[in-house]
Amino acid sequence: MGAGNAGNWIYCGLLLSTVHAAKVASLASKGFTKDLKQDLKSLEGLVVSGLRGSSNAWPSNGTNVTASDWESPALKKGRQGAALKPSAEASDASDPLNASNELPVPGHRKEIFEEPRKVMGVALNGDSDVQTLHTSLFVGGLGSAGVFLVFAILHVAVPQVYHRRRTTSKAEDDPDYAEHMHLEVSSGFRWIDFIWKVWNSTPEDEVRLAGLDGWSLLEFVRLNLRIMTIVGPFLLAVVLPLHFFFNTKESHNNLDWLSCLDIGNLPRDDWMLWFHAAVVWFVVLISAWQISLAHDGFTERRYQWLSTVPRPRSTTVMVRNIPPMYRSDSALKEYFDRVFSEESAHTVERAYVIRKTGRLPKLVKQLESSQYDAHVASSRLNKARESEKASLESDLQRCQLTVTNLKSRVAKEQQAVELALQGPRPDWKVASSSGFVTFTTILSQRLASREQCTRDVSAFRMYMAPDPHDVLYENLAEDDINASSWKWLGRLALLAVFLFWIPIVVAISGWTTLSSIQGTVPAVKKFVEAHPTIGSLMSGVLATAALKIFMMFLPTVLHFIITTTLHLKAGSVEQLKLQQWSAAFLLLFVVLVTSLGRGLTITFFIVMQEPAKIISLLAASLPSASHFYFNYVILGWLVLPMDMLRMTNLAKWFFYRRVCSFEEDEARIYADPEDPAYYGLGTRMARTVLMASMFFIFCSCSPLILVFTWIYFFLAQFVFGYLLLFCESKKPDTGGVFWIQATEQLFLVLAIYVMLMVGVLRGLNKNGIWAGPPAVAFCSLLVLYWARHGVKNLAFDTLPLEEVVKAFKDNKDESDLASQYVQPECDPALVAE
């Protein structure tokens, strides 16, 4: 999609943002502040009463008290101080704000402005949770086993799709082949060889086969597994029985066994609160200790990676804001030679100024398309019958003629671009302000990257160069002013996704409810009427399934905005941005969605008015929806291994193999790579952070979630391990920056866990005061602060100087001559015969 269409979408988002801001302003002018004060008071009462397990806090059906009770100021006035009870129907019917942080809109159905929790399908704990859990266990467990069985068959039947192409020789004296030998299995076990290969892979194998970024994802999975394995026995053997056996008698009479395992039904004894404050410290200390140890290991591997980065990347700097007089290859090289070289030696090996190539990329795409057509025609001709060869030969000749003409046009355009950069004054329409300078040594590159070249601090800004195959030259060729404008539009578009995701989901979610399906498909209605028990189970499963389907579209939307507007320097940097925004979105709209109350905007105003109320918000909402997240994690057992099936790549391979008549290896090339939006490292890391957050946030309130998340991460190490090491092609490496972002997000999740438990302990306190167990649990934030401080103090960005010198001595003869910083459309090899 072109930049013009992207701009239209962004302007539409800006218009919607303006309308949303106007509605919020109107809401504020009609007594919004007064409603907020009422919300804050009732919210505090909800936490104190709802978590105690008192008789007036529990409805007859056993559903826990949640944040939905403080949504309607009008409803609270009507009750005139009566005890709060969960009543979603009453809240929806009497709330003048329609639970959407917006005023009623004439002519619109009221359901469109439901609270975010209902929109995202997050169900509160209730009587049918045990039955729903059994269904989820059946679907998730059996479905996961079925997916692994299908994969075991497919990866043997179609190895071209499920095995990475080996680039090394099978000669016994080949060192690369020797490194693979310990991962090979006998032919008799080839159906389950993926388990053997992943289990026997060493960290060195992971870095070699998947890069440090791939190792970072696998190590992050193992980090969470280690934490769960250490704290798990205590949570399951001590905390879980404590919740069950020390529950109030009323809870045992009114609630199912699953709800009796939750923290909200415990007695208000002081020793119980002190015990849970100690549990918070235990979880935080173990987590901080393991994160620090894992980060020490990452730092060591990061230094090893920096010392072995191949040339020319290790000796190259990316230069931005080049002054106009130096915007040619020769002028840029001459300038850096003059500044950094001695009299008799040249420090600069090569300089390359990025070109604004105009219509050349379009011509190159046409050339590649014509070459593809010619290749298809040639493949069909080779396999055609005699009666069909005459017409196919004519098609092939026509395609070859088109290729020849396009090569001639591309060569002329390449020559025109190069001529425009010749002479003392390069053409400003062709020469951009960005480029790459490759030095002869790592030491020279290190010196140049840390220096200010001119008095103008904005000139010659230098950065570590990305992988030559990963550079987005089109983005780097943009002028700074134009790129900055697009970046601001991109940020506003990403903000608009956060603000308007809920209304969009509401408009679509009506089609996925069981009642809607019954109205569309009469056969389903008859079946549900004949089997009401199955109907209730289907309703619960559909709610969770709908949320997962909506989340599948999220990476594509975010990836489109990031790639179209932010103008980043490399594809791996786009994945880093995707990890940031995806993780933030998933944490907010999947885990914390129950805390949004009447919507994102109103919740924001509540927290801004009284920041401490965020603790009450978390405590009033999250514990009462824990069973939903049991089912979410369990269905993740099914969704996770489906990545191994690579259905899109398999379909593409069959298309190129059967329809286009390509050879097997040729079809494999065209079938790869996988979709970077959904299967990229950024999205995978964000989903892993999401699952880790569900464990940490609910590990004290509902310890049973440990079992389900441990199984998920156990499966994840095999799924991600096989895909990254033995199936998918190796991606350009950032050197583990994904790990840095993931650990930052994990510290944030742990901080949310601490604040949640502070609110829960205060709610269970007889007097509802902050002193005692809540204050002790709150102090565990100091441990997180010092652990995070220690992690951030470890330098990882660049090598220490002494290690740079050692790397220079060890690797000064190693270089990758095939990798040079040249725009693909300007490469002379495109038109070579």
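Because the structure is a prediction, the values reported are computed rather than measured.

(A) Just the nonpolar core, in detail. By size, the foremost hydrophobic cluster in this structure holds 155 residues, and its most contacted members are Tyr629, Met694, Phe696, Phe720 and Tyr753. Top element by residues in this core is helix α31 (residues 737-764). It accounts for 18 residues. If we ignore the near neighbours within four places in the chain, the residues touching Met694 are Val590, Val591, Tyr629, Tyr632, Val633 and Ile705. Residues Ala351, Val353, Ala420 and Phe460 belong to the second largest nonpolar core, which totals 21 residues.

(B) How the structure looks around the sheet that holds strand β4 (residues 461-464). A sheet is described by the order of its strands in space; here four strands give the open sequence β2-β3-β1-β4, paired in antiparallel fashion. What marks the edges here is a single partner per strand, and that holds for β2 (348-355) and β4. Along the sheet, successive strands turn relative to each other by an average axial angle of 25 degrees, direction set aside. The sheet contact formed by β2 and strand β3 (residues 431-439) spans six bridges and is antiparallel. By the bridge assignment for β3, Ala351 is matched with Val437.

(C) Layout of the environment of Phe708. Here Phe708 is to be found in helix α30 (residues 705-727). Note on Phe708: relative accessible area 7%, which makes it buried. Not counting residues within four places of it along the chain, the set of residues in contact with Phe708 comprises Leu133, Leu137, Phe630, Val633, Ile634 and Trp637.

(D) Here's a closer look at the packing of aromatic side chains. The full count for this structure, using the stated rule, is 45 aromatic pairs. Taken together, a centroid distance of 5.9 Å and an interplanar angle of 25 degrees make the contact between Phe298 and Trp739 stacked. With Phe298 in helix α11 (residues 270-307) and Trp739 in helix α31, this residue pair connects regions lying 441 residues apart in the sequence. Residue Phe298 is classed as buried on the basis of its relative accessible area of 0%. You can call Trp739 buried: its relative accessible area is 0%. Measuring from centroid to centroid gives 4.4 Å for Phe436 and Tyr821, while their planes differ by 20 degrees, and the two rings are stacked. Pair noted here: Phe436 is in strand β3 and Tyr821 is in the segment after α34 (801-811), with a separation of 385 residues, a long-range link. Counting every residue linked through ring pairs, the aromatic cluster contains Phe148, Phe151, Tyr162, Phe194, Tyr722 and Phe726.

About the thresholds
Residues numbered from 1 in each chain as written. Predicted model: local features only at pLDDT ≥ 70, side-chain atom pairs only at ≥ 80, totals over all residues. Heavy atoms only, no water. Core = buried A, V, L, I, M, F, W, Y, C linked by side-chain atoms within 4.5 Å. Buried < 20%, exposed > 50% of the residue type's maximum accessible area, 1.4 Å probe, protein only. Helix = DSSP H or I, 4+ residues; strand = E, 2+ residues; numbered from the N terminus. Contact = heavy atoms within 4.5 Å. Pairing = 2+ DSSP bridges. Axes fitted to C-alpha atoms, helices over the stretch in contact; angles between N-to-C directions. Phe/Tyr/Trp six-rings, centres within 6.5 Å; stacked < 30°, edge-to-face > 60°.

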